[in-house]
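Report on the structure
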Amino acid sequence: MSTAAPTTVAAFDRIGDENAFAVLARAGALEAQGRDIINLGIGQPDFPTPPHIAEAAIKAIRDGHHGYTPAPGIAPLREAVATDIHRRLDVEIDPGCVLIVPGGKVSIFAAIMMFGEPGAEIMYPDPGFPIYRSMICFTGATPVPIPMREENGFAFDADEALAAITPRTRLIILNSPANPTGGVTPKEQLDTLALGLAEHPHVAVLSDEIYAQMTYDDLEHASPMTHEHLRDRVILLDGWSKTYAMTGWRLGYAVWPQALFDKARKLAVNAWSCVNAPTQYAGLAALEGPQDCVAEMMAAFDRRRNVIVECLNTLPGITCRKPSGAFYAFPNVTGTGRPAKALASDLLEVTGIATIAGPDFGPLGEGFIRFSYANSQANIERAMDRIGDYLTG
Ligand code: PLP
């Protein structure tokens, strides 16, 4: 009998991880030991899902919606997504191109699987959501980072990205508002990109707009979807996780170009069949119901943003720009003289404050730490006091 263990394909040695989940687990373990942990690590709203949304799922179960749904999602939900996009972006899209999926991540997976292979290049933001690079490497494609610079407000620089395009570039990933920086790409940068992409018809765009409704100071969210000539190659990713405090429901969507939709649909049929039916009814209630829950949540995030940025800027060795979107502050911690990962680890182990080190979002995240301000103002203030004591003590 052979004692050799089964050998997996090489792709599984290249797949990465999302350290936010490891920090969440460690914070939970410390809490279980009786430690007082303040979690500024994980990126999920601390608000409950609005009751009318949760009730819609309960009603769906009572109404007998317990079977498979069509793989791309129930028709009224796909239509509601199209209506919502029209309301927000003033763009007409075909509900037939909307693929409802279990969470925002799934569309990242599908898009990168569709374009990534050895020899292909895929551009992605660094620092950026770690799943982009992980999935690019999984497919064997070459990851090409687009730097997001602090001095640029962590906004995307279209000229820099355009200059990095080669004949092998297959996909550019955009994310605005951005995780982990809170940076927002100004409309002019998208216009420049759109203009430049006319010269590169072989390049598709994945626009991760999961924080689209989370901008501050009346800043308008801009989407490449509004550029008519890009419509046959933009994949618009969004979902319910952040906007409606539904991270655990696992519900997202992408609007696919007509020519790509059926490929994505077949991936759904092969991998997950459909999103569970009650969750889809909850998503429908979210889009068709009152939107004040979103405005109220954003007003609270805005207050916390002001508090956390002001507090961070009083800490020795730390400077923080005001983020323009999402619910993350991404302060520069180089003045502490500590590498970001070591500092973030000490913040959790010594002070009980969970954060995510910048390098967990790519090499260009060195010197930064991500603080999620999806926590109460009182907890944010307590956290800042503790960090202040630690850094001065
Ligand atoms: N895209 C970005 C930029 C994110 O920050 C996240 C979650 O943190 C996702 C996608 C994934 O969202 P979901 O939890 O719905 O899979």
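None of these values were measured; they are calculated from a predicted model. Just so you know, the residues in each chain are numbered from 1, in the order the chain's sequence is written. Whole-chain, interface and lining totals are the exception, using all residues; otherwise, since this is a predicted model, local features are given only for residues with pLDDT of at least 70 and side-chain atom pairs are given and counted only at 80 or more. Water and hydrogen atoms play no part in the side-chain values, which are based on all heavy atoms of the structure.

Here's the deal with unusual backbone geometry
Quick note on the threshold: Helix and strand assignments follow DSSP, with helices taken as H or I runs no shorter than four residues and strands as E runs no shorter than two, numbered in order from the N terminus. Categorising residues by exposure relies on relative accessible area from a 1.4 Å probe, with only protein chains included: less than 20% of the type maximum marks a residue as buried, more than 50% marks it as exposed, and the intermediate range marks it as partly exposed.
Across the junction of Asp126 and Pro127, the peptide omega takes the value 0°, indicating a cis bond. With phi around 60°, Asp90 is a residue other than glycine that occupies positive phi space. Mapped onto the secondary structure, Asp90 falls in the loop between helix H4 (75-89) and strand E2 (98-101). According to the relative accessible area criterion, Asp90 is exposed, its value standing at 63%. The phi dihedral of Asp218 is positive, around 60°, even though this residue is not glycine. Among the structural elements, Asp218 can be located in the loop between strand E6 (204-208) and strand E7 (234-239).

Describing the nonpolar core
Side chains of a nonpolar character, in soluble globular proteins, are inclined to be buried together. Cut-off, in case you're wondering: Residues grouped as a nonpolar core are buried Ala, Val, Leu, Ile, Met, Phe, Trp, Tyr and Cys residues, joined through side-chain atoms within 4.5 Å. Any two residues whose heavy atoms approach within 4.5 Å are treated as being in contact.
Trp256 and Phe371 are the most contacted members of the largest nonpolar core, which totals 68 residues. At seven residues, helix H11 (residues 292-312) tops the list of elements feeding residues into this core. Non-local contacts of Phe371, meaning those with residues more than four positions away in its chain, are made with Leu40, Ile308, Leu312, Phe327, Tyr328, Ala329, Pro331, Leu347, Thr355, Met384 and Ile387. Grouped together as the second largest cluster of nonpolar side chains are 49 residues, Leu162, Leu197, Val234 and Cys293 included.

A short note on the state of the cysteines
Put simply, the rule is: Disulfide assignment relies on a single distance test, namely cysteine sulfur atoms paired within 2.5 Å.
Under the defined criterion, the tally for this structure stands at zero disulfides. Take Cys97: it sits in no disulfide, and the sulfur closest to it among the cysteines is that of Cys274, at 20 Å.

Some thoughts on helix H8 (residues 187-197)
Applied cut-off: Think of the arc as the fan of directions from the helix axis to the C-beta atoms.
Within H8, the full set of buried residues consists of Leu190, Leu193, Ala194, Gly196 and Leu197. Buried residues in H8, looked at end-on, bunch into an arc of 165°, giving them a common side. Those residues of H8 that are exposed and angled more than 90 degrees off the buried face are Glu188 and Leu195. Against helix H7 (158-163), strand E5 (169-175) and E6 lie the buried residues of H8.

Thoughts on the domain arrangement of the chain
The line we're drawing: Segmentation of the chain into domains, including their bounds, is taken from an automatic or database domain assignment. Accessible surface is computed with a 1.4 Å probe, and the buried area is the amount of it that two parts give up when combined, taken over both parts together. We define a salt bridge as a side-chain nitrogen of Lys or Arg found within 4 Å of a carboxyl oxygen belonging to Asp or Glu. Here a polar contact means two N or O atoms within 3.5 Å. Within protein one must be a hydrogen donor candidate and the other an acceptor candidate, and residues neighboring in sequence count only if both atoms are side-chain atoms.
On domain assignment, one finds that the chain holds domain 1 (10-48 + 292-392) and domain 2 (68-288). One C-alpha centre belongs to domain 1, the other to domain 2, and the line joining them spans 25 Å. Around 3,100 Å² of area is buried between domain 1 and domain 2 when both sides are counted, 61% of it from carbon and sulfur atoms. Summed over the shared surface of domain 1 and domain 2, the result is two salt bridges. A salt bridge links Asp217 to Arg305; the shortest N-O distance between them is 3.1 Å. Between the two partners, domain 1 and domain 2, sit 19 residue pairs in polar contact (both at pLDDT 80 or more). Per-element accounting of the side of domain 1 that touches domain 2 gives the leading share, seven residues, to H11.

Quick word on the sheet that holds strand E12 (residues 369-372)
Whether parallel or antiparallel, the strands of a sheet pair through hydrogen bonds between backbone atoms. The condition is simple: For two strands to count as paired, DSSP must find a minimum of two bridges between them. For helices, the fitted line uses only the C-alpha atoms of the stretch in contact; every axis is such a line through C-alpha atoms, and the angle between N-to-C directions lies from 0 to 180 degrees.
One open sheet accounts for three strands, arranged E9-E12-E11; its pairing is antiparallel. Because the sheet does not close on itself, it has two edges, and the strands there are strand E9 (328-329) and strand E11 (356-357). One ladder, built from two bridges, connects E9 with E12; its direction is antiparallel. In the strand pairing of E12, Ala329 is matched with Phe371. Helix H12 (residues 340-351) rests against E11 and E12 of the sheet, and its axis sits at about 35° to E12.

Here we look at the site of the ligand
Where we set the bar: Whether a residue is near a molecule or strand depends on its heavy atoms: it is near if one of them lies within 4 Å of it. All accessible-area figures derive from a Shrake-Rupley calculation using a 1.4 Å probe, and residue coverage is judged against the displayed protein chains alone. In the scheme used here, Gly and all other residues not listed as nonpolar or charged are polar, with Ala, Val, Leu, Ile, Met, Phe, Trp, Tyr, Cys and Pro taken as nonpolar and Asp, Glu, Lys and Arg as charged.
Around the ligand lies a shell of 14 residues, among which Gly104, Asp208, Tyr211, Ser241 and Lys242 are the nearest. Interatomic distance of 2.8 Å between a side-chain N/O atom of Asn179 and an oxygen atom of the ligand. At 2.6 Å, a side-chain N or O of Asp208 approaches a nitrogen atom of the ligand. Burial of the ligand by the protein amounts to 93% of the accessible area it has alone, namely 390 Å². Considering each element in turn, the shell around the ligand owes the most residues, three residues, to helix H5 (residues 104-115). The residue inventory of the shell around the ligand, partitioned by class, reads five nonpolar, five polar and four charged.

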